[in-house]
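In case you want the letters, here they are:
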Amino acid sequence: MSALKIYNTLKRKKETFKPLVDGKVGLYVCGMTVYDFCHVGHARVMVVFDTVARYLRYSGYEVKYVRNITDIDDKIIARAIEANEDFNTLTKRFIDEMHQDEAALHAHRPDLEPLATESMGSIISMIEVLIEKQHAYVGSNGDVYYSVESFEGYGKLSGRELDDMNAGERVEVDAAKRNPFDFVLWKPAKADEPSWASPWGEGRPGWHIECSAMSTDCLGNHFDIHGGGMDLQFPHHENEIAQSEAATGECFVNTWMHNGFVRIDDEKMSKSLGNFFTVREVLKKYRGEEIRFFVLSSHYRSPLNYSDEQLNEARSALERLYTALRNIQPLDNDEASDFVRRFEEAMNDDFNTAKAISVMFECANELNKLKTTEPVQAAKMAADLLAMAEPLGLLTQDPEEYLQSSTGTDEGLASEQIEAKINQRLQAKLDKDWGLADQIRDELKQQGVMLEDAGKETTWRRA
RNA sequence: GGCUGAGUGGCAGAGUGGUUAUGCAGCGGCCUGCAAAGCCGUGUACAGCGGUUCGAUUCCGCUCUCAGCCUCCA
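Residues numbered from 1 in each chain as written. Chains lettered and ligands numbered in written order. Predicted model: local features only at pLDDT ≥ 70, side-chain atom pairs only at ≥ 80, totals over all residues. Heavy atoms only, no water.

1. Remarks on the overall build of chain A
Convention followed: Helix and strand assignments come from DSSP, with helices taken as H or I runs of at least 4 residues and strands as E runs of at least 2, each series counted from the N terminus. The classification of residues rests on relative accessible area computed with a 1.4 Å probe and restricted to protein chains. Under 20% of the type maximum is buried, over 50% is exposed, and intermediate values are partly exposed. What makes two residues a contact is simply this: any of their non-hydrogen atoms within 4.5 Å. All accessibility values rest on the Shrake-Rupley procedure with a 1.4 Å probe; residue burial counts only the protein chains present in the view. All tallies of charge rest on Lys and Arg as positive and Asp and Glu as negative; His and the ends of each chain are not included. A charged residue contributes its charge at one atom only: NZ of Lys, CZ of Arg, CG of Asp or CD of Glu.
What chain A contains, in helices and strands, is 15 helices and 15 strands. Along the three orthogonal principal directions, the C-alpha set of chain A runs to about 90 × 55 × 35 Å. Counting only residues that meet the buried cut, chain A has 52% of its 463 residues in that class. Considering only contacts within chain A whose residues lie at least 6 apart along the sequence, 76% involve residues at least 24 apart. Carbon and sulfur atoms make up 47% of the accessible area of chain A, which totals about 21300 Å². Once the 53 positive and 79 negative side-chain charges of chain A are each reduced to a mean point, those two points are 4 Å apart.

Shown next as structure tokens:
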């Protein structure tokens with residue numbers, strides 16, 4: 001069996017994964033800033049790292065999966081003022097909405113979800129250490145800044161030199177900074193803004209410091225894997241390294257993982273471009289598992305183009321897998337199956353879910369063939385298929401229930417109505433009234449219900 | 001300007017120095033009252049130009065095109 005390899009952004013290559021402590025993995029992922037609904041880009045992060053955590057556990061590791069929640073920042077304050085509500089009320093609401101989306105996507109909750117507002121103690125003490133070690137200073141405007149020039153390795157994650165970057169190209173450089181790339185660790189609060197007491201007066205933390213503080217709090221100074229979206233590589237993760245390593249004097253993270261963007265029409269989906277779909281919107285038309293499949297159908301580092309066609313394909317694909325599992329009682333396989341071996345090989349190669357899924361399809365094909373001839377073999381095949389699906393968080397539902405579940409928020413025809421129609425059609429079939437039988441089938445098809453005759457039985461599913 | 005990454009069959013999307021990805025769609029067949037599902041068969045794909053090689057889609061160089069980061073963003 002092959003060893004797990006992970007692409008490490010820091011090294012720009014795949015490396016054989018070796019945890020700091022045998023059998024255990026510390027995983028930290030930058031989570032959401034909670035002032036709005038999650039969009040499909042956020043869904044990708046949730047699904048990708050849920051799959052990483054699942055597969056690590058499947059491989060036998062004891063995983064501590066931490067994903068923070070940024071519940072204080074400028075946008076949150078602005079949105080709270082707009083909505084005329086307390087910022088805490090606003091963030092609590094969207095944390096709850098996020099968890100609903102996460103559940104719909106069949107993603108497990110992380111083991112820990114630290115909040116920035118509940119981590120002020122460690123944030124402040126880390127800033128104190130940074131000032132003490134002269135990696136940070138108080139600017140003329142009262143802001144506390146990190147001095148990028150004080151950290152030798154600055155730029156090592158994103159592969160850039162301070163001199164090569166175009167400071168001020170798009171944004172005015174703050175005069176209080178020693179170097180244009182110095183960033184805020186703590187900023188004083190304006191009147192009426194939420195604030196916390198600190199040695200530098202009432203204020204709130206900068207964005208980057210919270211992740212350094214929370215990850216260290218939960219996983220220690222040095223841990224295994226840190227993940228997030230590609231766009232966080234610079235400056236966010238670069239700054240985290242600078243803060244943490246300067247403060248602790250230790251290596252911060254061994255493996256950095258970054259997932260690619262979701263795109264629309266070959267353009268990054270983002271809040272600033274306004275070209276995003278919320279998970280909530282997509283769930284109106286598609287099942288959560290279909291979104292999950294769509295995310296996993298390409299490699300996590302590749303761009304993922306969002307479109308209805310893609311979601312429709314995910315729907316067909318899942319339909320095929322669930323159909324294969326229908327009417328079969330899985331039987332655990334004691335022998336190591338070749339499919340499972342190949343599946344693991346694919347996953348061990350930097351979580352190649354696309355390839356792993358292709359193995360599942362081959363397994364489903366075999367299962368379909370064996371169904372009629374070798375029921376015992378087929379039952380074992382079904383167990384294999386489910387074994388592979390588990391770390392991907394797929395095929396977790398009862399096949400019949402899945403196939404008959406509504407394909408979005410819109411419920412459609414009630415099951416009882418469908419059953420009644422089917423009975424009516426069965427009578428027509430007995431009467432050999434093919435015209436009526438076909439008419440009923442067509443009518444149901446119009447309503448998104450597909451009928452399938454299998455002998456004397458008729459089954460149905462929603463598509 | 002600096003730095004990343006990418007260009008695969010009708011679509012999506014893996015992968016490989018010489019042999020089948022996989023899914024969807026299409027075509028032909030089996031099954032079916034007819035369908036659907038399933039099964040079987042079927043497609044001279046690897047941006048362009050050079051180079052290395054017995055042989056390159058796969059390695060190297062150049063060109064073109066696209067995306068991302070250098071501001072908040074997953």
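2. Here we look at the domain arrangement of chain A
Quick note on the threshold: Domain ranges listed in this record stem from an automatic or a database domain assignment. Values labelled buried area give the accessible surface lost by two parts on being combined, using a 1.4 Å probe and summing over both. For salt bridges, the criterion is a side-chain nitrogen of Lys or Arg within 4 Å of an Asp or Glu carboxyl oxygen. Here a polar contact is taken to be a pair of N or O atoms separated by no more than 3.5 Å, where protein atoms must pair a possible hydrogen donor with a possible acceptor and residues adjacent in sequence count only if both atoms sit in side chains. Gly counts as polar in this scheme, as do all residues outside two lists: the nonpolar Ala, Val, Leu, Ile, Met, Phe, Trp, Tyr, Cys and Pro, and the charged Asp, Glu, Lys and Arg.
As assigned here, chain A comprises domain 1 (5-263), domain 2 (308-403) and domain 3 (415-462). Averaged C-alpha coordinates put domain 1 and domain 2 at centres separated by 37 Å. Contacts between the two partners involve eleven residues from domain 1 and, on the opposite side, 16 residues from domain 2. Both faces considered, domain 1 and domain 2 share a buried interface measuring about 1300 Å² in area, 56% of it formed by carbon and sulfur atoms. Summed over the three residues of domain 1 that lose the most area to domain 2, namely Arg54, Tyr55 and Tyr58, the buried surface amounts to 49% of that side. Across the contact surface, domain 1 and domain 2 share two salt bridges. Lys14 is paired through a salt bridge with Asp349; the nearest N and O atoms lie 2.8 Å apart. Across the domain 1-domain 2 interface, the total number found is eight residue pairs in polar contact (both at pLDDT 80 or more). Among the secondary structure elements, those contributing two or more residues to the side of domain 1 that touches domain 2 are β1 (5-8) and α1 (40-58). A per-class count over the side of domain 1 that touches domain 2 returns six nonpolar, two polar and three charged.

3. Brief notes about the confidence of the model for chain A
Interpretation of this model should avoid reading the predicted coordinates in detail wherever pLDDT is low. Which entries qualify depends on this criterion: Each residue carries a pLDDT value, the predictor's own confidence for that position, ranging from 0 to 100.
In the predicted model, chain A carries a mean pLDDT of 94, and 98% of its residues have values of at least 70. The complex prediction reports pTM at 0.96, with the ipTM value standing at 0.96.

4. Focus on unusual backbone geometry
That bond from Phe234 to Pro235 is cis: its omega, 0°, falls within 30 degrees of zero. Looking at the secondary structure, you find Pro235 in helix α6 (residues 233-248). Phi at Asp265 is positive, roughly 50°, even though this residue is not glycine. Along the polypeptide, Asp265 turns up in the loop between β11 (262-264) and β12 (267-268). Classification of Asp265 as exposed rests on a relative accessible area of 70%. A positive phi angle, near 55°, is found at Lys432, a position not held by glycine. Within the fold, Lys432 resides in the loop between α14 (415-430) and α15 (434-446).

5. Some thoughts on helix α9 (residues 308-325)
Threshold: Expected helix span is computed as 1.5 Å times (number of residues minus one).
With 18 residues, α9 extends 26 Å from end C-alpha to end C-alpha; this agrees with the ideal 26 Å at 1.5 Å per step. Buried within α9 we find Leu311, Ala314, Arg315, Ala317, Leu318, Glu319, Leu321, Tyr322, Ala324 and Leu325. Residues of α9 that are buried make contact with α8 (288-296), α11 (353-373), α12 (375-392), α13 (399-404) and β15 (457-462). Of the residues one or two after α9, Asn327 is the one with positive phi, at around 55°.

6. Structural notes on the pairing of β1
Counted only if it meets this: Two strands qualify as a pair provided DSSP detects at least 2 bridges between them.
For β1 and strand β2 (residues 13-16), the ladder comprises four bridges, and the chain directions are antiparallel. Counted as the bridge partner of Lys5 is Thr16 from β2.

7. Notes on the packing of α11 against α12
Applied cut-off: In this analysis an axis means a line fitted to C-alpha atoms, helices contributing only their contacting stretch, and an angle means the value between N-to-C directions, from 0 to 180 degrees. Oblique is the label for every angle not falling under 35 degrees (roughly parallel), over 145 degrees (roughly antiparallel), or within 65 to 115 degrees (roughly perpendicular). For a crossing to be left-handed, the near helix must be turned anticlockwise from the far one by less than a right angle; the clockwise case is right-handed.
In contact at an axis separation of 8 Å, α11 and α12 are set at 160° when each is read in the N-to-C sense. Taken together, the axes of α11 and α12 lie roughly antiparallel to each other. Crossing geometry of α11 relative to α12 is assigned as left-handed. Counted together, Thr353, Ile357, Val359, Met360, Cys363, Ala364, Glu366, Leu367, Leu370, Lys371 and Thr373 of α11 and Pro375, Gln377, Ala378, Met381, Ala382, Asp384, Leu385, Met388, Ala389 and Leu392 of α12 form the full contact between these two elements.

8. Quick notes on the packing of aromatic side chains
Selection rule: When the centres of two rings from Phe, Tyr and Trp lie within 6.5 Å, Trp using its six-membered ring, the rings pair. Their planes under 30 degrees apart give stacked, over 60 give edge-to-face, and anything left gives tilted. Any Lys NZ or Arg CZ that is within 6 Å of a ring centre and within 35 degrees of that ring's normal is treated as a charge sitting over the ring.
In the structure shown here, the tally under the stated rule is 17 aromatic pairs. Relative to Phe343, the ring of Tyr58 has its centre 6.4 Å away and its plane inclined at 75°; by these criteria the two rings are edge-to-face. Here Tyr58, found in helix α1, pairs with Phe343, found in helix α10 (residues 338-348); they are 285 residues apart in sequence, far enough to count as distant. Overall, the relative accessible area of 0% leaves Phe343 in the buried class. Counting every residue linked through ring pairs, the aromatic cluster contains Tyr55, Tyr58, Tyr300, Phe343 and Phe351. When the ring centre of Tyr402 is taken as origin, the NZ or CZ atom of Arg287, which lies over that ring, is 4.4 Å away.

9. Brief notes about the pattern of salt bridges
One pass over the full model with this rule turns up 36 salt bridges. A salt bridge links Arg54 to Asp50; its shortest N-O distance comes to 2.8 Å. One end of the pair, Arg54, and the other, Asp50, are both in helix α1, four residues apart, so they sit about a helical turn from each other. The shortest N-O distance in the salt bridge between Glu290 and Arg315 comes to 2.9 Å. Here Glu290, found in helix α8, pairs with Arg315, found in helix α9; they are 25 residues apart in sequence, far enough to count as distant. Glu290 gets classed as buried once you look at its relative accessible area, which sits at 0%. Beyond isolated ion pairs, a larger network of salt bridges with shared partners links Asp74, Lys187, Lys190, Glu193 and Arg204.

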